[in-house]
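Residue-level structure breakdown
Next come the chains, spelled out residue by residue.
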Amino acid sequence: MAICYRVIDLGTQLVEWQGQAKKQHKIMLSWELPNELMEDGQPFTISQRYTWSSSEKARLRQDLESWRGKKFTDADFGPGGFDIKNILGKGCLLNIVHATKGDKTYANIAAIVQLPKGTAIPAAKNLQVFFSLGAFDAEIFGALSEGLRGVIIKSPEYGEVMRKKDGVTDAGPGKDKDFDDDIPF
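Now for a description of the structure that goes with this document. As the structure is a prediction and not an experimental result, all values here were calculated from the model.

What counts, and where the lines are drawn
- Residues numbered from 1 in each chain as written.
- Predicted model: local features only at pLDDT ≥ 70, side-chain atom pairs only at ≥ 80, totals over all residues.
- Heavy atoms only, no water.
- Salt bridge = Lys/Arg side-chain N within 4 Å of Asp/Glu carboxyl O.
- Helix = DSSP H or I, 4+ residues; strand = E, 2+ residues; numbered from the N terminus.
- Buried < 20%, exposed > 50% of the residue type's maximum accessible area, 1.4 Å probe, protein only.
- Polar contact = N/O pair within 3.5 Å; in protein donor to acceptor, adjacent residues only side chain to side chain.
- 1 Å grid on protein atoms, 1.4 Å probe; cavity = no way out; pocket = protein on both sides within 12 Å on 5 of 7 lines; lining within 4 Å.
- Points joined across faces, edges and corners; volume = space filled by probe spheres on them.
- Phe/Tyr/Trp six-rings, centres within 6.5 Å; stacked < 30°, edge-to-face > 60°.
- Lys NZ or Arg CZ within 6 Å of the ring centre and 35° of its normal.

A full pass over the atoms with the stated rule returns 5 salt bridges. Linking Glu65 and Arg61 is a salt bridge whose minimum nitrogen-to-oxygen distance equals 3.0 Å. Placement of both Glu65 and Arg61 in helix H1 (residues 59–68) is noted, with a separation of 4 residues, approximately one turn of the helix. Here Glu65 matches Arg61 in class, with each residue buried. The salt bridge partner of Arg163 is Glu160, with a shortest N-O separation of 3.1 Å. In this pair, Arg163 and Glu160 both sit in helix H4 (residues 156–164), 3 residues apart, roughly one turn of the helix. Taking relative accessible area as the criterion, Glu160 reaches 32% and is therefore assigned partly exposed. What you see here is one network of salt bridges that share partners, running through Arg61, Glu65 and Lys71.

Written out as structure tokens, the structure reads:
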């Protein structure tokens with residue numbers, strides 16, 4: 001079981017895939033695992049970086065659809081559509097696979113699915129955090145880890161925010177849309 005507690009806009013990043021460098025807008029989602037505790041009693045956490053895309057082939061969209069238990073339509077994106085902030089505080093089941101490379105073992109998310117109906121979601125211990133470069137909040141940015149700030153600072157969106165200093169509208173794929181069924185977000 002996992003609870004989403006962070007949605008972080010990383011901005012456009014230079015990535016290398018199959019020997020080719022390209023720029024992609026990235027987003028990071030983080031979950032806490034309330035039933036998997038560290039020695040200090042805090043839940044383990046896991047994060048996944050995604051390309052910020054609503055394309056049918058995009059892993060972000062596929063994972064969100066699996067989590068929702070329902071496919072998105074093209075109408076779900078854009079003005080009046082799905083708002084990524086809706087996943088904060090929502091529970092799911094994560095299939096985590098451990099992979100070893102050299103002397104390190106990595107926990108990777110293989111799948112995200114809905115919780116069974118009626119499953120109680122415990123209160124999250126971690127503070128819910130939403131950070132968007134489109135609605136830049138210096139206090140939230142300052143509270144991020146040094147490593148995350150370093151990644152975000154490399155993005156052209158961060159440079160633009162620093163040049164304007166008065167912010168712009170939300171960079172998310174749409175605004176809130178009410179769903180009146182059992183879909184979690």
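From this point, the discussion proceeds with the structure in view.
Next up on the list: the side chain of Gln13. Examined against the element boundaries, Gln13 turns out to sit in strand E1 (residues 2–17). Of note is the side chain of Gln13, whose polar atom sits 2.7 Å from the backbone oxygen of Leu10.

So, about the layout of surface pockets. When its volume is computed, the second largest pocket comes out at roughly 170 Å³. If you go around the second largest pocket, the residues you meet are Arg6, Leu127, Gln128, Val129, Phe130, Ile140, Ala143, Leu144 and Ser145. Looking at the lining of the second largest pocket, the elements that each hand over two or more residues are strand E6 (129–131) and helix H2 (138–143).

On to the packing of aromatic side chains. In the structure shown here, the tally under the stated rule is 8 aromatic pairs. Members of the aromatic cluster, each reached through a chain of ring pairs, are Phe131, Phe136, Phe141 and Tyr158. Geometry around Phe72 places Arg68 over its ring, the cationic atom sitting 4.2 Å from the centre. The ring centre of Phe130 lies 5.2 Å from the NZ or CZ of Lys85, which sits over that ring.

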